[in-house]
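Structural overview for review
This is what each chain is made of:
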Amino acid sequence: MVKGANVGLSALSENVGAVVVGLGWSSATGEGDADVSVLLLDADGKVSSDADFCFYNNPVAGDGSVHLLGKTPTADGSEDRISFDLDAVPPEVDKVVVAASRYGGARFGELDDLRLTLADSTGDALARFAVHDVEEVSALIFGELYRRAGEWKFRAVGQGYASGLAGLATDYGVDIDDDAETADAETAVAQAAMAEAADGLAASARTAGAERAGTERTGTGQVGAEPEGSAPEGSGPDVEVPGGTSTAPSARVPAQSRDGHAVDRAATGPEPAKSGTAAAPADAPKSARRPRTAKKKVTLPRTAKKSLADNDTWRTARLFPGSALKSDRERETRATSVVLSVMAQVPEFGRRLTAAFGAPAGRMETFTEVTLPHGESPRRPDGVIRVERAGKLWTALVETKTNGNALKPDQVQAYMDIAARRGYEAVITLSNDVALEGSPLVDVRIDRRRKHKVALWHLSWAEVVHQAQMLIRHEGVGDAAHAWLLQELLHYLQHENSGCHGFQNMGAAWVPVRRGIDEETLCQGDARALEVIENWERLVRQVCLRLGGELGQKVLPVQRVRRGADPGARRTELADHLCEQGRLNAEIRIEGTPGVLGITADLRTGKLRTSIEVPAEGAGYPLARAKRLVRRLSDAPADLHIETLVDGRGTGPRGTLERLRPEPADILPKDGAQITGFRLSLFKGMGAGRGSAETGFIRSVDDAVDRFHAQVVAHVDAPVV
């Protein structure tokens, strides 16, 4: 589509009761990003309430009809996806605006390949709009969905705002108030209410067991101290209420923090009074309230309460026990029942997992071991998901595999045929594998003669765990009972006997490829090298899901390729590089972290390298910069390698942190060349086995990333100045 063009959705597809919009962009460094927002407008072109402004701090709007799904890795990078249940959009909403904004003075002209894609509920692409000429804008309207003569239409807009998100939001009726003192006073009131609510909740919630305390990680994203407002140790509750349970903080268009990242003042608390500015008195009159978009949410404390057990041999009673499972069939049946039951009982979780598949925002029921006719032999899918909205039903069949077992093409094909005959909308496969674009886990035949289309979707267990972690640890759910259910779900999925541990096998080609590289007999074009590349990509995506769930931040793989590049051709090229160089390379971007985290597995030397490049910005002598870097890394491991990056010629002097601590000047170029940054690296031995056992390759990659983030990246979360 071109700028200004419009099209009726019904002319593009019959399956437009729900659509998914994707916003994408790329950058040369892999670091450029923007925040997505959606505004629901009435006939006057304005938001009518606080619920009509949907952004990262309020990801669901319009009675659940709009849902920000977050970033999804694609073959050529990643894109932000938004689910729209158009049949459920409130009737007073006349238009839905899809926009994005940048922060910290960044402009959209610094990004490449800006585009919007539109897909129907089966996943088929309907339209694509490439956006151009937005060099100086920091907020951008990509497009809009609007009603016309009883149907929904889409218009490609491409309009920018140099004034950023604040200018865009103001145009559509969102009340913007930048009075810092008033904001601080309102926040103090909200915090007091939050503490009272948390104390009240503490008296009624049950005590958590200490079992999680021994199993959860504390080095990657787990805060050592319990957040303010949570219940005191020993008081019994297992929940905390970040925004209180009686007073929701006033949501506002996010301010910009000093490091350029968006900050919600209502969530972060008051800033100290500036020099020469009087603090607002406690009884000062309040200005008009901003729209509230942060709803009451419940999350679990980051630190477990003290157990009441006599000793460690006492095991906490669990809703979903995993220790008694003996066979793969028992694991599949239990895992399906556990996940589907929690999806039905925790609306936020069920919606989070199904919105991207075209499911409407409605009442969900789930079923297991349903018998459906199929020729002479009836079939029993592992589960069925059914959602009802305004008298209409959306149905998906579920096929589950655990413990690394592969999906069977004949089973999936049978369920696709049954769904097509019965008018169901989707088949969802759930297994340890991670799906890749251009490399389907199972091949199925689609009968194009059938009018009814069935979509085939895949979920990995790692993604289920990620979504549960994001809700229970970071974003929150509706009440304490839902938080407890998600806690029990997480405990089951992470139990060593559940079989739901995500991608856990590098494949049959792993050992032959390692041997071929060691003996220098692996040739370009070998299909086994391509298999290793695909499984490496799956592993990296799983690392991103796991780390993102622990940190509560966006963690995504970086793909330095042009959009639209064929994923198969890209993987073939990487396979040839593996044969030639003997190394697997990947980069991941962690929100709020300068640079990207590099991961290199050298199959020749058996070493794993994790690294990050930290820019050397700001004024000061080179020695002062080196000293500041060393001080910042005071708690980093002594074997950390530091390389100086020199303008125009790559790397300069290098050394370990242990040697540089007493003599930081050793890292400076002797010829006085301009320092542009520093590369920080850790090395460790690589696991040999193809699996996720203690000595396996997958476990060694997880451990290397966790150690590097906790001991290095966490200390360099801002440029060295």
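Note that the structure is predicted; figures quoted are calculated from it, not measured. (Residues numbered from 1 in each chain as written. Predicted model: local features only at pLDDT ≥ 70, side-chain atom pairs only at ≥ 80, totals over all residues. Heavy atoms only, no water.)

1. Overview of the confidence of the model for the chain
- Summing up the model confidence of the chain, the mean pLDDT is 80 and the portion of residues at 70 or higher is 79%.
- Highest mean pLDDT in the chain belongs to strand 22 (residues 597-602) (96); lowest belongs to helix 4 (residues 265-268) (37).
- Counting contacts from residues 178-295, a segment whose pLDDT is below 50, to residues more than four positions away or on other chains yields 202 contacts. (pLDDT = per-residue confidence, 0-100. Helix = DSSP H or I, 4+ residues; strand = E, 2+ residues; numbered from the N terminus. Contact = heavy atoms within 4.5 Å.)

2. What to know about helix 9 (residues 480-493)
- In this model, helix 9 (14 residues) spans 20 Å end to end at C-alpha, consistent with the 20 Å of a helix rising 1.5 Å per residue.
- With eleven of its 14 residues buried, helix 9 lies for the most part within the structure.
- Every buried residue belonging to helix 9 is among His 482, Ala 483, Leu 485, Leu 486, Gln 487, Glu 488, Leu 489, Leu 490, His 491, Tyr 492 and Leu 493, and all of these are buried.
- The backbone nitrogen of Ala 481 lies 3.1 Å from a side-chain oxygen of the residue at the head of helix 9, namely Asp 479. (Expected span 1.5 Å × (residues − 1). Buried < 20%, exposed > 50% of the residue type's maximum accessible area, 1.4 Å probe, protein only. Polar contact = N/O pair within 3.5 Å; in protein donor to acceptor, adjacent residues only side chain to side chain.)

3. A look at the packing of aromatic side chains
- Under the definition given, this model contains six aromatic pairs.
- Here Phe 53 and Phe 55 contribute two aromatic rings whose centre-to-centre distance is 4.8 Å and whose plane-to-plane angle is 20 degrees, an arrangement assigned as stacked.
- On the accessibility criterion, Phe 53 (4% relative accessible area) is buried.
- Relative to Trp 457, the ring of Phe 357 lies with its centre 5.1 Å away and its plane at 20 degrees, an arrangement referred to as stacked. (Phe/Tyr/Trp six-rings, centres within 6.5 Å; stacked < 30°, edge-to-face > 60°.)

4. Re the pattern of salt bridges
- In total, this model carries 35 salt bridges according to the counting rule given.
- The partner of Arg 363 in a salt bridge is Glu 365, with the nearest N and O atoms 2.5 Å apart.
- On the basis of relative accessible area, Glu 365 is assigned to the partly exposed category, the value being 36%.
- Between Glu 437 and Arg 541 there is a salt bridge, and its shortest N-O distance comes to 3.1 Å. (Salt bridge = Lys/Arg side-chain N within 4 Å of Asp/Glu carboxyl O.)

5. As for the sheet that holds strand 25 (residues 650-656)
- In spatial order, the strands read 20-21-22-23-26-24-25; together these seven strands make up an open sheet with antiparallel pairing. The open sheet is flanked by strand 20 (555-557) and strand 25, the only strands paired with a single partner. Neighbour to neighbour, the strand axes of the sheet diverge by 25 degrees on average, direction disregarded. (Pairing = 2+ DSSP bridges. Axes fitted to C-alpha atoms, helices over the stretch in contact; angles between N-to-C directions.)

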